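Observations on the model geometry
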Amino acid sequence: MGLPSCVVIFEPQPREFFSPQRAPARLTRLREKLELLAAQGVDRVLCLAFNRRLCELSARAFVQSVLVEGLGVRHLEVGDDFRFGCDRAGDFEFLCQTGVAEGFTVEAAVTVEVDGLRVSSTRLRAALSHGDLPLAERLLGRPFSLCGRVLHGQKLGRQLGTPTANVQLKRRRVPLTGVYLVSTELDGRRWPGVANIGVRPSVTGDGRAHLEAHLLDFAGDLYGRHLCVTFHHKLRDEERFASLDALKAAIDADIAAARAYWQGKPLTHEPEQR
Ligand SMILES: Cc1cc2nc3c(=O)[nH]c(=O)nc-3n(C[C@H](O)[C@H](O)[C@H](O)COP(=O)(O)O)c2cc1C
Ligand SMILES: Nc1ncnc2c1ncn2[C@@H]1O[C@H](COP(=O)(O)OP(=O)(O)O)[C@@H](O)[C@H]1O
């Protein structure tokens, strides 16, 4: 049609708006979502603030003000199970009928399947929480990663002999916990490493999830840098160790496992988006 493409998304997610306590952990932050959409060739993103005003709009008013008047939509691609508008009254059929009257076409988005089952955020979250990183990678089309700035931690890492870059999660809840083989892109090179993500039950802390990554054979200052930690393989669950010596021995064993895993395995993933 020679028209620019536009993806419409919501912030916060509707479930975060309606029941913040029960909403699932985020898989991507807005910034990453925008980068990923741009990389797919999407021209524009319309990010609608999901608030009381928006969710009280009737389905008809939503189509009229957002799609017709706001965007001048000519063709709409949407999941055939999508519901929208006040009380979820708007559905695919309603969009098709309105399209005829308003002069836009509507098409159901193709269902993407892996192993005969639909790909969805719910399925991806299940794969991550079960430690099935290979399945997560197939569902996403890329390995799962979490990005953030490196902050100062409790300076315990160097005491344990293993400095760990503390990647800022803010108050984010996380879709996976445990100890993983990871890699991260730094100055055009991909570094293998090990990371722990979770509440660190052996360490007195703030009760929130932390992401701590140790890069193999790296020495340098990472504070303030933006790191994307890519998860390749789960080694084990987080454990509560009775002493720092026991924690140190476990971390040393994780590092040995990481070395064995990466040996002879070139890191070939493309450098990721920032
Ligand atoms: C490979 C690896 C495995 C870890 N496993 C655990 C664990 O099982 N339980 C735990 O409480 N902390 C674990 N940690 C987290 C350490 O407690 C954390 O890295 C240490 O407290 C350093 O914190 P700091 O960066 O704030 O100094 C692990 C860290 C790494 C790098
Ligand atoms: N191989 C490495 N992997 C991760 N961080 C490293 C490494 N070598 C040096 N560092 C530096 O050490 C810091 C982590 O040291 P650590 O004692 O754990 O302190 P903190 O508690 O502030 O995270 C990192 O933020 C980084 O600047």
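The rules behind each value
- The written sequence of each chain sets the order in which its residues are numbered from 1.
- Each chain gets a letter, beginning with A, and each ligand a number, beginning with 1, in the order they are written.
- Whole-chain, interface and lining totals are the exception, using all residues; otherwise, since this is a predicted model, local features are given only for residues with pLDDT of at least 70 and side-chain atom pairs are given and counted only at 80 or more.
- As a rule here, side-chain values cover all heavy atoms of the structure and leave hydrogens and water aside.
- Each helix is a run of H or I in the DSSP string that is no shorter than four residues. Each strand is a run of E no shorter than two, and both are numbered from the N terminus.
- Contacts between residues were defined by any pair of non-hydrogen atoms, one from each residue, lying within 4.5 Å.
- Exposure was quantified through the Shrake-Rupley algorithm and a 1.4 Å probe, taking into account, for residues, occlusion by the shown protein chains and nothing else.
- Only strands that DSSP links by at least two bridges are regarded as paired with each other.
- Axis lines are fitted to C-alpha atoms, over the contacting stretch for helices. Their N-to-C directions set the angle, which ranges from 0 to 180 degrees.
- Summary of the distance rule: residues count as near a molecule or strand when at least one heavy atom falls within 4 Å of that molecule or strand.
- By the criterion applied in these results, polar contacts are pairs of N or O atoms within 3.5 Å in which, for protein atoms, one can donate a hydrogen and the other can accept it, and in which residues neighboring in sequence qualify only through two side-chain atoms.
- Just so you know the grouping, Ala, Val, Leu, Ile, Met, Phe, Trp, Tyr, Cys and Pro go in nonpolar, Asp, Glu, Lys and Arg go in charged, and all remaining residues, Gly too, go in polar.
- For this analysis, a ring pair means two rings from Phe, Tyr or Trp (six-membered ring only for Trp) whose centres lie within 6.5 Å, classed as stacked if their planes differ by under 30 degrees, edge-to-face if by over 60, and tilted for the remaining angles.
- Per-residue confidence from the predictor is reported as pLDDT, a score between 0 and 100.
- A 1.4 Å probe rolled over the protein chains alone gives each residue an accessible area, and that area as a share of the maximum for its type sets the label: buried under 20%, exposed over 50%, partly exposed in between.
- Residues enter a nonpolar core if they are buried and are Ala, Val, Leu, Ile, Met, Phe, Trp, Tyr or Cys, with the set joined through side-chain atoms within 4.5 Å.
- Marked domain ranges trace back to an automatic or database domain assignment.

A short note on the overall build of the protein
Each helix and strand counted, the protein has eight helices and twelve strands in total. Counting only C-alpha atoms, the protein reaches 70 × 40 × 35 Å along its principal axes. Taking all contacts inside the protein whose residues are at least 6 apart in sequence as the whole, residues at least 24 apart take part in 68%. As presented, the protein carries roughly 15600 Å² of accessible surface, and 52% of it is formed by carbon and sulfur atoms.

So, the sheet that holds strand 12 (residues 226–236)
On the basis of which strands lie adjacent, the closed barrel formed by six strands has the order 7-8-11-10-9-12 and antiparallel pairing. Neighbour to neighbour, the strand axes of the sheet diverge by 45 degrees on average, direction disregarded. With six bridges connecting them, strand 10 (residues 189–198) and strand 11 (residues 210–215) associate as antiparallel partners. Bridge pairing in strand 11 places Gly193 opposite Leu215.

Re the site of ligand 1
Near ligand 1 you find 22 residues, and of these Gln154, Leu156, Ser202, Arg236 and Glu239 are the closest. Interatomic distance of 2.5 Å between a backbone N/O atom of Leu156 and an oxygen atom of ligand 1. For ligand 1, the protein covers 99% of the area, taking 630 Å² as the surface of the free molecule. Within the residue set of the shell around ligand 1, elements represented by two or more residues are strand 10 and helix 8 (244–262). A total of three residues in the shell around ligand 1 trace back to one element, the largest contributor, which is helix 8. Here the shell around ligand 1 is built from residues that sort into nine nonpolar, six polar and seven charged.

Some words on the site of ligand 2
By nearness alone, 20 residues border ligand 2, and Gly153, Lys155, Arg158, Leu222 and Tyr223 come closest of all. Within the contact set of ligand 2, an oxygen atom lies 2.6 Å away from a side-chain nitrogen or oxygen of Arg158. Leu222 has a polar backbone atom sitting 2.7 Å from an oxygen atom of ligand 2. Relative to its free-state accessible area of 560 Å², ligand 2 is covered by the protein chains to the extent of 94%. Of all the elements, strand 11 adds the most residues to the shell around ligand 2, at three residues. When the residues that make up the shell around ligand 2 are grouped by side-chain class, the tally is nine nonpolar, eight polar and three charged.

Digging into the packing of aromatic side chains
According to the stated counting rule, one finds eleven aromatic pairs in the structure shown. Ring pairs connect the aromatic residues Phe10, Phe17, Phe18 and Phe50, which therefore count as one cluster.

A few points about the confidence of the model for the protein
In this model, the protein carries an average pLDDT of 92, and 97% of its residues clear a pLDDT of 70 or more. Note that pLDDT drops below 50 for residues 270–274; the model gives that stretch 14 contacts with residues more than four away or on any other chain. Across the interface, the model reports ipTM at 0.93; the global pTM reads 0.89.

Some details on the pairing of strand 11
Most of strand 11 sits inside the fold, with six of its six residues counted as buried. Residues of strand 11 alternate between two faces, with His210, Glu212 and His214 on one and Leu211, Ala213 and Leu215 on the opposite face, all of them buried. One ladder, built from three bridges, connects strand 8 (residues 165–167) with strand 11; its direction is antiparallel. Opposite Val167, over in strand 11, you have Leu211 as the bridge partner.

Structural notes on the nonpolar core
Core analysis: the biggest nonpolar cluster contains 31 residues, and Leu128, Leu146, Leu176, Ile197, Leu211 and Phe231 have the highest contact counts within it. Residue contributions to this core peak at four residues, all from helix 7 (residues 133–140). Viewed by domain, this core spans two of them, domain 2 (112–141) and domain 3 (144–262), each represented by three or more residues. Excluding its chain neighbours within four sequence positions, the residues that come into contact with Leu211 are Leu146, Ala165, Asn166, Val167, Leu169, Ala195, Asn196, Ile197, Val229 and Phe231. Counting 19 residues, the second-largest nonpolar core is a separate cluster that includes Val73, Leu76, Phe84 and Val106.

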